[in-house]
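Summary of structural features
Take a look at the letters that make up each chain.
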Amino acid sequence: MRSTRTDDRDRTLELRKAIARTGYYPEVVADGVDAAVAGEQVLSFYVHHEPTFERDEVRRHQSVIVLTPSRLILAHTDEHAGDDLLPEPYTSTSTEAIALSAVKSVVVTRMTANPTSGPTPPAEAVMTIGWGGVSRIDLEPAACADPDCDADHGYTGVLASDDFSLRVSAAADGGEAVAGLLSFAETLSARTHAG
């Protein structure tokens with residue numbers, strides 16, 4: 001189901017239902033998301049529940065991405081086994097609110113199987129959002145074209161901003177999940193264009 005750019009209705013109730021549908025500590029997740037949204041209108045959202053394997057145990061992780069008229073909200077909830085500080089199993093929820101004006105890039109990669117057989121829905125999608133909160137620099141020694149040169153040419157590199165990245169596949173998450181991520185990315189891109 002694709003959302004349209006002109007549909008600005010509040011999707012708060014749909015978001016709560018999507019969080020509840022995952023069955024992953026819905027009250028805990030919704031409480032963290034609601035606090036971060038702080039009463040703003042929910043224009044679009046994406047909920048991604050993902051199990052991870054840690055030694056012989058399965059741990060679950062959930063990401064909730066929310067677009068409001070002024071901000072992008074990221075919420076991550078993880079579950080943990082008890083430890084020295086909290087002896088019983090617990091969850092941790094982290095939220096981050098980014099002003100839409102700060103979002104510098106929305107990169108979307110679509111992987112489509114058998115492209116020669118005509119239009120088919122993408123089998124996988126990756127959305128990467130950059131706002132400058134986390135940057136990565138890849139350096140390597142610079143060189144010149146002279147194979148006999150032994151001078152120090154310094155370093156060359158690439159500075160990349162990839163603050164948040166999410167990958168979904170039809171095989172693991174279902175075709176609807178891929179379409180949902182692409183729809184969210186389209187809405188976010190429309191709201192963060194220059195101008």
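In short, a report on the structure. (Residues numbered from 1 in each chain as written. Predicted model: local features only at pLDDT ≥ 70, side-chain atom pairs only at ≥ 80, totals over all residues. Heavy atoms only, no water.)

**Observations regarding the state of the cysteines**
Chemically, a disulfide is nothing more than a covalent bond linking the sulfur atoms of two cysteines. Basically, it comes down to this: Any two cysteine sulfur atoms lying within 2.5 Å of each other are counted as a disulfide.
Applying the stated criterion to the full structure yields zero disulfides. This cysteine, cysteine 144, is not joined by any disulfide, and cysteine 149 carries the nearest cysteine sulfur, 3.6 Å off.

**So, the packing of aromatic side chains**
Note the threshold: Note on aromatic contacts: the rings of Phe and Tyr and the six-membered ring of Trp form a pair at centre separations within 6.5 Å, being stacked when their planes are under 30 degrees apart, edge-to-face when over 60 apart, and tilted otherwise. Type-normalised accessible area, obtained with a 1.4 Å probe on protein chains alone, sets the label of each residue: buried when under 20%, exposed when over 50%, and partly exposed for intermediate values.
Counted under the stated rule, the structure contains one aromatic pair. Taken together, a centroid distance of 5.0 Å and an interplanar angle of 65 degrees make the contact between tyrosine 24 and tyrosine 25 edge-to-face. Classification of tyrosine 24 by relative accessible area gives buried; the value is 0%.

**A closer look at the side chain of threonine 192**
Where we set the bar: The way it works is that DSSP assigns letters per residue, a run of H or I at least four long becomes a helix, a run of E at least two long becomes a strand, and they are numbered from the N terminus. Any pair of nitrogen or oxygen atoms within 3.5 Å is treated as a polar contact; in protein, a donor-acceptor pairing is required on top of that, and neighbouring residues in sequence qualify only through side-chain atoms on both sides. Here a residue-residue contact requires only that any non-hydrogen atoms of the pair lie within 4.5 Å.
The topology assignment puts threonine 192 in the segment after α4 (175–191). Threonine 192 gets classed as buried once you look at its relative accessible area, which sits at 19%. Reaching out from threonine 192, the side chain makes a polar contact with the backbone oxygen of leucine 188 at a distance of 3.0 Å. If near-sequence neighbours (up to four positions away) are discounted, threonine 192 is found in contact with Leu100, Val103 and Val106.

**A word on the nonpolar core**
Here is the rule: As used in this record, nonpolar core signifies buried Ala, Val, Leu, Ile, Met, Phe, Trp, Tyr and Cys residues forming a set joined through side-chain atoms within 4.5 Å.
The biggest cluster of nonpolar side chains holds 22 residues, and the ones touching the most others in it are Tyr46, Ile65, Leu72, Met127, Ile129, Phe164 and Phe184. Within the residue set of this core, elements represented by two or more residues are β2 (57–67), β3 (71–80), β6 (124–130), β9 (164–169) and α4. Ranked by residues supplied to this core, first place goes to α4 with seven residues. Residues contacting leucine 72, with those up to four places away along its chain left out, are Ile65, Val66, Glu96, Ala97, Ile98, Leu100, Val103, Ile129, Phe184 and Leu188. Among the nonpolar cores identified, the runner-up in size contains 16 residues, and Leu15, Ile19, Ala30 and Val47 belong to it.

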